[in-house]
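Structural description and commentary
The primary structure of each chain is shown beneath.
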Amino acid sequence: MNTRKYVFHVVNWVSRTFFASRLSFAHVQAFIHNNSWRKLFNLVRVHWDVWRGNVEAGSKPYICILEVTNVCNLKCPFCLTGKGISGGREVRHMTFEEAKQVIDDVYDSIYLLQLYTWGEPLLNKDFLRIVEYAKTKNIYIMLSTNATAMTPSYCDRLIASGIDYITVAIDGGSDETYEKYRVGGNYTKVLSNVRALLERREAAGVTHPFVEWQFIVFRHNEHEVESTEAMAYEIGINKFTPLPAYTEDESWLPQGEKYREAVFNPERLKNCERPWTHLNVRADGGIASCCYEFAKKDDFGELREDRFAGIWNNAFFRESRKLIFQHRKKRKMDPSSLICHQCLETGVRPSYVEVEDVPEDQLNPRRKRKAAKAAATGLNIPVQVSVADAGESRRAG
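Residues numbered from 1 in each chain as written. Predicted model: local features only at pLDDT ≥ 70, side-chain atom pairs only at ≥ 80, totals over all residues. Heavy atoms only, no water.

Among the five residues in strand β4 (residues 165-169), five count as buried, and that is most of the element. By the alternation rule, side chains of β4 split into Y165, T167 and A169 and I166 and V168, which are all buried. The sheet contact formed by β4 and strand β5 (residues 210-217) spans five bridges and is parallel. Bridging across to β5, I166 finds its partner in V211. (Buried < 20%, exposed > 50% of the residue type's maximum accessible area, 1.4 Å probe, protein only. Helix = DSSP H or I, 4+ residues; strand = E, 2+ residues; numbered from the N terminus. Pairing = 2+ DSSP bridges.)

As structure tokens, this is what we get:
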């Protein structure tokens, strides 16, 4: 256990320091276990396109992010979904037929299928069916979940589905610390669900899914990082990952320097190859430029109107690739209204800004009702909303 613990300390440090937490253990496993000559050739061709700055990609993405839902049952205070903000998108679950269409279009090139972005995936009744279908296509499947819906009987079905990697997001080692951020969750229940998953995996005599415990570090839980890590490995967790938090209130910042970030501190842009390497499909069928893009108005395409082949080299993707190549070569970028331009120009990945008034189409129905009630009582409820340079959580894609 100690050896594994220290190995993953190094892995986490390398990922955070050199890859902005974008290279994960799941990426490595996917490459090793879900490869083929066709996928390998495509991978080489992708990076040839990146190196050459080809705006018309002759390759296909090798990572696909399917947001199977943008619905969540928790109300985390620094999450846009938790605040009831939709970014102008329909709040819904992706259907099996919609997911199948995407998988059929890209299965021959992708190693990794990430089934989460801005919602709780296990709330989608078609989730297991989507996983089972994708596994018939030699694809590595990754899930991030708050584990609230991961009941013991559901754990058996998860394991039987063949899912490869599950990240459980549990930010605390006690009821008090966990429930301060994961508003609406119950630590005792969630921990019981995770234990059930690990016990049933052992009883089934299998090594999948690989289970990672993600712990976002705030001031109120930083004293529990080490004890929670020890407990996590003791119960059978494969990897424990403490992460710096995105915060909007200084009182939430850790006091220790190891995981302390500035308030409203966005992630810094180290490099970008996503318009060549990734396909990001939102629950409403929108094709996002990358996993950091939140607002509907910034989408590059719409799968309800076109298929992958008609979107992958459209004007938006071509312009994005051109801007990235110009920036990499230290040339002046062409003027552009794409979300990518601001990201490249500032060196800051899309983030959140506070506004007094949120446009009506940025609110989901629950938030609209809350805002209407507040207005009726004379209350002012400031919210964080994604605008022109809208952003995404640290753990997405």
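We are not done yet, so read on.
Turning next to the pattern of salt bridges. A full pass over the atoms with the stated rule returns 21 salt bridges. Among the ionic pairs, D108 bridges to K60, the shortest N-O distance being 2.8 Å. One end of the pair, D108, is in the loop between α4 (96-106) and β2 (112-114); the other, K60, is in the loop between α3 (37-52) and β1 (63-66), with 48 residues separating them in the sequence. One salt bridge in this structure joins K296 and D299, with 3.5 Å as the shortest N-O distance. Residue class for K296 comes out partly exposed when judged on its relative accessible area of 25%. For D299, a relative accessible area of 11% translates into the label buried. Overlapping salt bridges bring together R89, D284, E293, K296, D299 and E302 as one network. (Salt bridge = Lys/Arg side-chain N within 4 Å of Asp/Glu carboxyl O.)

The next thing to look at is the side chain of Q29. Tracing the backbone shows Q29 in helix α2 (residues 25-33). Note on Q29: relative accessible area 15%, which makes it buried. At a separation of 2.3 Å, a polar atom in the side chain of Q29 contacts the side chain of Y140. Residues in contact with Q29, not counting those within four places in the same chain, are N34, Y140, Y165 and F210. (Polar contact = N/O pair within 3.5 Å; in protein donor to acceptor, adjacent residues only side chain to side chain. Contact = heavy atoms within 4.5 Å.)

What follows covers unusual backbone geometry. Omega for the bond connecting H208 with P209 falls within 30 degrees of zero, at -5°, which places this linkage in the cis form. A positive phi angle is found at A147, which is not glycine, with a value near 70°. Relative to the elements of secondary structure, A147 occurs in the loop between β3 (140-145) and α6 (152-161). Phi at K330 is positive, roughly 60°, even though this residue is not glycine. Turning to its location among the elements, K330 is positioned in the loop between α12 (315-328) and α13 (339-346).

Our focus in this paragraph is the packing of helix α5 (residues 127-135) against α6. To describe two helices that pack against each other, one gives the angle between their axes and the distance between the axes. Direction vectors running N to C along α5 and α6 enclose 20°, while the axes themselves pass 9 Å from each other. It follows from the interaxial angle that α5 and α6 lie roughly parallel. Handedness of the α5/α6 crossing: left-handed. Along the contact surface, α5 presents F127, L128, V131, E132 and K135, while α6 presents Y154, R157, L158 and S161. Its residues placed into classes, the contact of α5 with α6 shows five nonpolar, one polar and three charged. (Axes fitted to C-alpha atoms, helices over the stretch in contact; angles between N-to-C directions. Parallel < 35°, antiparallel > 145°, perpendicular 65-115°, else oblique. Left-handed = near helix turned anticlockwise from the far one by under 90°. Nonpolar A, V, L, I, M, F, W, Y, C, P; charged D, E, K, R; others polar.)

This paragraph deals with the nonpolar core. Counting residues in hydrophobic clusters, the biggest one holds 97 residues, and the most contacted among them are L66, L113, F127 and W213. Examining the composition of this core, we find that seven residues originate from one element, helix α8 (residues 187-204), more than from any other. Setting aside anything within four residues of it in sequence, one finds L66 in contact with M94, A99, V102, I103, L113, Q114, L115, Y116 and V281. (Core = buried A, V, L, I, M, F, W, Y, C linked by side-chain atoms within 4.5 Å.)

On to the packing of aromatic side chains, then. Inspection of every chain in the model, using the stated rule, returns 19 aromatic pairs. Consider the rings of Y181 and W252, whose centres lie 6.0 Å apart with planes at 75°: the pair is edge-to-face. Residue Y181 is found in helix α7 (residues 175-181), and its partner W252 is found in the loop between β6 (239-244) and α10 (274-277); the two are separated by 71 residues along the sequence. Judged by its relative accessible area of 12%, W252 falls in the buried class. Measuring from ring centre to ring centre gives 5.9 Å for F300 and F316, while their planes differ by 20°; the resulting arrangement is stacked. One end of the pair, F300, is in the loop between β8 (286-288) and β9 (301-302); the other, F316, is in helix α12, and 16 residues separate them in sequence. F316 sits in the partly exposed class, given a relative accessible area of 40%. Every member of this aromatic cluster is reached through a ring pair, and the members are F300, F308, W312, F316 and F317. Of note, R129 hangs over the ring of F96, and the distance from its end group to the ring centre comes to 3.8 Å. Positioned above the aromatic ring of W252 is the side chain of K180, whose terminal nitrogen or guanidinium carbon lies 4.9 Å from the ring centre. (Phe/Tyr/Trp six-rings, centres within 6.5 Å; stacked < 30°, edge-to-face > 60°. Lys NZ or Arg CZ within 6 Å of the ring centre and 35° of its normal.)

Among the residues of α2, those classed as buried are A26, Q29 and A30. Seen end-on, α2 carries its buried residues on one side only, within an arc spanning 100°. Looking at the packing, one finds that the buried side of α2 touches β2, β3, β4 and β5. (Arc of directions from axis to C-beta.)

Here the focus is the state of the cysteines. Put plainly, two cysteines are in a disulfide when a covalent bond ties their sulfur atoms together. Summed over all chains, the structure comprises zero disulfides. The thiol sulfur of C76 is not disulfide-bonded, and the nearest other cysteine sulfur, from C79, lies at 6.0 Å. Note on C76: relative accessible area 7%, which makes it buried. C290 takes part in no disulfide bond, and the closest cysteine sulfur, belonging to C291, lies 5.3 Å away. (Disulfide = S-S within 2.5 Å.)

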